[in-house]
Amino acid sequence: MILSTTAAIASTASASQARSYTTNRDPHDVAIGDFNCDGNNDIAVATDGTHTITILWNDGNGDFSERQDIWVSANQSRNADWDEFSNVQFIEVGEFTGDGAIDIVIFQRNNPFRTDDNGAPDGQPGNVTIIENGGCNEKTWDIGARFTHFWAWDLEVSDLNKDGNDDVMILDLQADITTQRVVSYLGPISSSTQGIVTNLGSAQLNTYRAFTSGDWGESQVGGGLGGGGQCFDNDMWLLRSEGLDYSTGQVTNPGHDDNVSIVEFNCNTNSFPLTYTFSTTPGPGEHVVNMQTVTSQAISVADMDGDEVIDVLALNDENIENVTYVT
């Protein structure tokens, strides 16, 4: 059981100093943001096997000893049992509510395959939850909008339409453990926000377990203020793997885990296409990059020259402990 997070703190010495800080049990993911608006970045930690997430507050001198655990389980009773753990898998930060304070978004797996005492299904599916910041200098949090997602592979925050509001994207697997989707929630986000669904088809054809967001470099005429100019946006970058039957664990469409599919966001309609189907001959608004790696599980993109267009794509090549990238 892991009970700590390690932070490398810049000091006046020539090298950084590593310090360990306790969190709740099984830290699974981290995100960084200035939650109390003091100019110092704090740490948010997703903790599996608990009812909470952990915040480590920066005292301004690089010390994160002040710890705050935030209860995120759907059962608000402090007597909630182990089978009501929130099991937070992913955590990201962004300004989701329009009040200027940095909020938190999590995917909590909950317990979707739980059964009752008689063995009948009694699962609690996962959800994407906005943890709303009570405001600068407050150090208070409220449970905001919650959206049900049976299972998720990845969580991303991006300003898709570049309107200054952070958006949330979730790569999920539905309860039939076959159908894959990306669902995007455009900010500001409230409980009435409708997700934009892009269906990715059956996992037995292709699986998608990681994705990210960034501008491919296209623009749409007719966008922008008044609809008379051009608009720019961030697009979806999907790491495509071989097909898999999740019910049996058997590979159904053997191949390398190395193709990256780019699906363009349309800033005129504020949406992705309703469906994306992989093809070696991509259609309009679609692109495919074959990275020629064998087994990849993580993807990252970056704008290296500051023009807001992605010019580096990198994957981990875990079988040979390598990173493969293209520019």
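Computed from a predicted structure; not experimentally measured.

Conventions and cut-offs
Residues numbered from 1 in each chain as written. Predicted model: local features only at pLDDT ≥ 70, side-chain atom pairs only at ≥ 80, totals over all residues. Heavy atoms only, no water. Helix = DSSP H or I, 4+ residues; strand = E, 2+ residues; numbered from the N terminus. Buried < 20%, exposed > 50% of the residue type's maximum accessible area, 1.4 Å probe, protein only. Polar contact = N/O pair within 3.5 Å; in protein donor to acceptor, adjacent residues only side chain to side chain. Contact = heavy atoms within 4.5 Å. Pairing = 2+ DSSP bridges. Axes fitted to C-alpha atoms, helices over the stretch in contact; angles between N-to-C directions. pLDDT = per-residue confidence, 0-100. Salt bridge = Lys/Arg side-chain N within 4 Å of Asp/Glu carboxyl O. Disulfide = S-S within 2.5 Å.

1. A word on the side chain of threonine 212
Relative to the helices and strands, threonine 212 is located in strand 15 (residues 206–214). Taking relative accessible area as the criterion, threonine 212 reaches 9% and is therefore assigned buried. Of note is the side chain of threonine 212, whose polar atom sits 3.4 Å from the side chain of glutamate 156. With residues near it in sequence (within four places) discarded, threonine 212 still touches Glu156, Asp235, Met236, Trp237, Ile299 and Val301.

2. Things to note about the sheet that holds strand 8 (residues 103–108)
Paired through their backbone hydrogen bonds, the strands of a sheet run either parallel or antiparallel. Taken in spatial order, the 4 strands of this open sheet run 7-8-9-10, and their pairing is antiparallel. Edge strands, defined here as strands with exactly one partner in the open sheet, are strand 7 (88–94) and strand 10 (141–148). Averaged over all pairs of adjacent strands, the angle between their axes in this sheet comes to 20°, without regard to strand direction. Examined bridge by bridge, strand 9 (residues 127–133) and strand 10 share 6 bridges and lie antiparallel to one another. Bridging from a neighbouring strand, valine 128 pairs with phenylalanine 147 of strand 10.

3. Some points on the sheet that holds strand 13 (residues 179–185)
One open sheet holds the 4 strands; their spatial order is 11-12-13-14, and the pairing between them is antiparallel. Each edge of the open sheet carries a strand with a single partner, namely strand 11 (151–158) and strand 14 (196–202). On average, each strand axis in the sheet is inclined to that of its neighbour by 15°, with strand direction left out of account. Of the strand pairs in this sheet, strand 13 and strand 14 are connected by 6 bridges, and their pairing is antiparallel.

4. Overview of the confidence of the model for the protein
Per-residue confidence for the protein gives a mean pLDDT of 85; residues scoring 70 or more make up 85%. Low pLDDT, under 50, characterises residues 8–14; the predicted model gives this stretch 9 contacts beyond four residues in sequence or across chains. In the model, residues 222–228 has pLDDT below 50 throughout and makes 11 contacts with residues more than four positions away in sequence or in other chains.

5. Topic: the pattern of salt bridges
Across all of its chains, the model carries 7 salt bridges by this definition. With a shortest N-O distance of 3.3 Å, aspartate 48 and arginine 109 are connected by a salt bridge. One end of the pair, aspartate 48, is in the loop between strand 4 (42–47) and strand 5 (52–57); the other, arginine 109, is in the loop between strand 8 and strand 9, with 61 residues separating them in the sequence. Accessibility classification places aspartate 48 together with arginine 109 in one group, the buried group. Aspartate 69 is the salt-bridge partner of arginine 67, the closest N and O atoms lying 2.7 Å from each other. Overall, the relative accessible area of 34% leaves arginine 67 in the partly exposed class. Members of the salt-bridge network, linked through shared partners, are Lys162, Asp215 and Glu308.

6. Some details on the state of the cysteines
One pass over the full model with this rule turns up 1 disulfide. Between cysteine 37 and cysteine 136 runs a disulfide, and the two sulfur atoms are separated by 1.7 Å. Residues cysteine 37 and cysteine 136 are joined through a disulfide that is left-handed, its torsion about the S-S bond being -60°. Remark: cysteine 136 occurs in the loop between strand 9 and strand 10 and cysteine 37 occurs in the loop between strand 3 (27–33) and strand 4; sequence separation between them is 99 residues. Classification of cysteine 136 by relative accessible area gives partly exposed; the value is 33%.

7. Overview of the pairing of strand 8
Burial of strand 8 is extensive: 6 of the 6 residues sit out of reach of the surface. Side chains Asp103, Val105 and Phe107 project from strand 8 onto one buried face, and the interleaved Ile104, Ile106 and Gln108 project onto a second face that is buried too. Relative to strand 8, strand 7 runs antiparallel, the two sharing 6 bridges. Looking at strand 8, one finds that valine 88 is bridged to glutamine 108. Alignment of strand 8 against strand 9, held across 5 bridges, turns out to be antiparallel. Within the sheet, the bridge partner assigned to isoleucine 104 lies in strand 9 and is isoleucine 131.

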